[in-house]
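Chains, contacts and geometry: an overview
Chain residues, written in single-letter form:
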Amino acid sequence: MDRIQFDFNNAMTMMVGDHGFSAQEIAAASGMLKNAIDALKTKPLGFRKLPKGQAAVVDDIIETAASIRKDYDTFVVLGIGGSALGPIAVEQALTDGQDGMKLIVEDNVDPERLARVFGSLDLKKTIFNVITKSGRTSETMSQMMYAANAIEKAGFALKDHMIATTDEKNGELVKIAQKEDLKSFVIPADVGGRFSELTPVGLLPAAVCGHDIRAMLEGAAYMDELCMRETENPAALYALLHVLGMKKGLNLSVMLPYADSLKFMSDWYAQLWAESLGKRYGNDGSEVYAGQTPVKSLGVTDQHSQIQLYTEGPFDKIVTFLKVDKFRNDLEIPKALTYIDAISFLGGKTFGQLLEAERSATEYALCKAGRPNITIALSQVSAYTVGALLYFFEMATAYAGEMLGINAFDQPGVEEGKVATFALMGKAGFEEKKAELNARPEKDAALIME
């Protein structure tokens, strides 16, 4: 059976010395740990309903996905943030590399990239999935406008080449979907974007690409049971170690997967952790300036770029390894070039063995240097373990928010940039913000160089 194992040993003082956590520190924080667990049991958190509460939605998604796979060969997601990072992470994790439905996730508005992507599409065989709850996300809606124009210019009906994933009742996209008769899926009102991968936001792209979304939800349901336990609760302990770490100056959370399939889990985690925990104000209204900066890394690639800093730089990081016990496909290193003694020892081993040796060696180097680290091991990468892993980090984030005394489910710091963008692009009703922007101090020409 697929499983996930959590190893916290290397975060403790017995393994890494003074920069780790002692049993006494953990015991002293037991009250905070219990309060967080109790709080999550009573709070109406929308994402916790997802593993077992979507039977009819899942049936609809699977039926729609089968129809899409029959009539189209390219599925383009137009979205940003959680609407993009989750689908990218899941596809990278679960794709088998064989020919099939092509998934493109357009998560930026760089004009050169847009031109390149749209120039490569056969619109007759392409369907777009527009994902935004509000329907006012400038990036996604501008992409939708461009796609809609291209579809109409090609002489196709918009409803045959576009799906909307949005709020059930509110926002601009639901209005467009109703007017244009688009097939639509609902983002639950009580689930924010970065917690939405197990809603139609992520389940539809995964199903279109042929992945087992029921297994993903089963993995999440299993993880929910683990992460609501009073004791031996991995998500609560993960959160506690990071929150205690912040108080000790461990202000960077490094995500270090040793598997290319899990590479973009780091990107997804970075948004989840940063946007949820980076808050100026606490729940009591006081200024707390909470948060921990997530860092994306990849083994073994970044052993040759970042590990030097992690082992000998500042004591400001806690590292999480993502490990895979069994790769779906492993390759043997041939016994070639045997006349070179310095490399002959590699012959007959597998690349999976080498990758794990590299990971284990990095783990040892971090411990020897007194750097706390945690290992999360997946028995293999599957729909079940990926669903469980996603849900684990969502629960850990919710626990960390409780322990920090902040709201992990809003993002007020993002709104200022959105409003300023509206003003700069001339949206009606934002004239005051435009005037504020125009009143900024003049830049010093001496500090601009060519």
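Our structure is the block above this text.
Residues numbered from 1 in each chain as written. Predicted model: local features only at pLDDT ≥ 70, side-chain atom pairs only at ≥ 80, totals over all residues. Heavy atoms only, no water.

1. Notes on the overall build of the protein chain
Short version of the rule: The helix and strand labels rest on DSSP assignments: H or I over at least four residues marks a helix, E over at least two residues marks a strand, and numbering proceeds from the N terminus. Radius of gyration here is computed from C-alpha atoms only, and the compact-globule reference equals 2.2 Å multiplied by the residue count raised to the power 0.38. Exposed residues in this analysis have more than 50% of their type's maximum accessible area, buried residues have under 20%, and partly exposed residues fall in between, with area computed by a 1.4 Å probe over protein chains only. Any pair of residues with heavy atoms lying within 4.5 Å of one another is described as a contacting pair.
Secondary structure summary: the protein chain contains 18 helices and twelve strands in total. What you see for the protein chain is a C-alpha radius of gyration of 24 Å, in line with the 22 Å of a compact globule of 450 residues. In terms of principal-axis extent, the alpha carbons of the protein chain reach across some 65 × 60 × 55 Å. When the 450 residues of the protein chain are sorted by exposure, 49% land in the buried category. Across the protein chain, the fraction of contacts at a sequence separation of at least 24, relative to all contacts at a separation of at least 6, is 76%.

2. Quick word on the packing of aromatic side chains
Given two aromatic rings, their pairing is described by the distance between the two centres and the angle made by the two planes. Cut-off, in case you're wondering: Aromatic pairing here means that ring centres of Phe, Tyr or Trp (its six-membered ring) are within 6.5 Å. Orientation follows from the plane angle: under 30 degrees is stacked, over 60 is edge-to-face, and everything else is tilted. Charge over a ring is defined by NZ of Lys or CZ of Arg lying within 6 Å of the ring centre and within 35 degrees of the ring normal.
What the rule picks out here adds up to 16 aromatic pairs. Members of the aromatic cluster, each reached through a chain of ring pairs, are Phe6, Tyr238, Tyr269, Trp273, Phe392 and Phe393. A cation over an aromatic ring shows up here: Arg371 above the ring of Phe315, its NZ or CZ 3.7 Å from the ring centre. Taking NZ or CZ as reference, Lys427 lies 4.1 Å from the ring centre of Phe422, over its face.

3. With respect to helix H6 (residues 111-119)
Since one α-helical turn is 3.6 residues long, residues separated by three or four positions face the same way. Heads up, the rule is: Note that the arc is defined by the directions from the helix axis to the C-beta atoms.
Restricting attention to buried positions, one finds in H6 the residues Leu114, Val117 and Phe118. Down the axis, H6 shows its buried residues gathered within 90° of arc, on one side only. Away from the buried face of H6 by more than 90 degrees, exposed residues Glu112, Arg116 and Gly119 are located. On its buried face, H6 is in contact with strand E3 (102-106), strand E4 (126-131) and helix H7 (138-153).

4. A word on the packing of helix H12 (residues 265-277) against helix H16 (residues 383-404)
Condition: All axes here are fitted lines through C-alpha atoms, helices being fitted over the stretch that makes contact, and every angle between N-to-C directions spans 0 to 180 degrees. In these notes the angle categories are as follows: under 35 degrees is roughly parallel, over 145 is roughly antiparallel, 65 to 115 is roughly perpendicular, and the rest is oblique. We call a crossing left-handed when the near helix sits turned anticlockwise from the far one by less than a right angle, and right-handed when that turn is clockwise. Amino acids are sorted into nonpolar (Ala, Val, Leu, Ile, Met, Phe, Trp, Tyr, Cys and Pro), charged (Asp, Glu, Lys and Arg) and polar (every other residue, Gly among them).
As a packed pair, H12 and H16 sit with axes 10 Å apart at the nearest point and diverge in direction by 20°. By the angle between their axes, H12 is roughly parallel relative to H16. In the crossing of H12 with H16, the sense of the turn from one axis to the other is right-handed. Listed contacts from H16 to Met265, Trp268, Tyr269, Leu272, Trp273, Ser276 and Leu277 of H12 are Val386, Leu389, Leu390, Phe393, Glu394, Ala396, Thr397, Ala400, Gly401 and Leu404. In terms of residue class, the contact of H12 with H16 is made up of 13 nonpolar, three polar and one charged.

5. Some thoughts on the sheet that holds strand E7 (residues 252-257)
Our working rule: Between any two strands, pairing holds if DSSP finds at least two bridges.
In spatial order, the strands read E1-E12-E11-E7-E10; together these five strands make up an open sheet with mixed pairing. On the outer flanks of this sheet lie strand E1 (4-7) and strand E10 (293-296), each paired with one strand and no other. Averaged over all pairs of adjacent strands, the angle between their axes in this sheet comes to 20°, without regard to strand direction.

6. With respect to the pairing of strand E2 (residues 74-78)
Of all the five residues making up E2, five are buried; the element is thus mostly covered by neighbouring parts of the structure. Neither face of E2 is exposed, since Thr74, Val76 and Leu78 on one face and Phe75 and Val77 on the opposite face are all buried. Note: E2 against E4, five bridges, orientation parallel. When the bridges of E4 are listed, Phe75 appears paired with Ile127.

7. Examining the side chain of Asp267
Of note, Asp267 is situated in helix H12. In contact with Asp267, other than residues within four places in its own chain, are Leu85 and Lys296.

8. Details of the sheet that holds E2
In spatial order, the strands read E3-E2-E4-E5-E6; together these five strands make up an open sheet with parallel pairing. The open sheet has two edge strands with one neighbour each: E3 and strand E6 (183-186). Neighbour to neighbour, the strand axes of the sheet diverge by 20° on average, direction disregarded. Where E4 lies against strand E5 (residues 162-166), four bridges are found, and the strand directions are parallel. Paired with Ile131 across the bridge in E5 is Thr165. Contacts between H7 and the sheet are confined to E2, E3, E4 and E5, with E4 contributing the most and set at about 155° to the helix. In this fold helix H9 (residues 200-208) packs onto E2, E3, E4, E5 and E6, with an angle of close to 165° to the strand it touches most, E2.

9. A few points about the pattern of salt bridges
This is how the line gets drawn: Just to be clear on terms, a salt bridge is a Lys or Arg side-chain nitrogen sitting within 4 Å of an Asp or Glu carboxyl oxygen.
Enumeration over the complete set of coordinates arrives at 26 salt bridges. Linking Lys70 and Asp71 is a salt bridge whose minimum nitrogen-to-oxygen distance equals 3.6 Å. Classification of Lys70 as exposed rests on a relative accessible area of 68%. You can call Asp71 partly exposed: its relative accessible area is 35%. Of the charged contacts, one joins Asp267 and Lys296 as a salt bridge, the two residues approaching to 3.0 Å between their closest N and O atoms. Here the residue Asp267 occupies a position in helix H12, and Lys296 occupies one in strand E10, the gap between them amounting to 29 residues.

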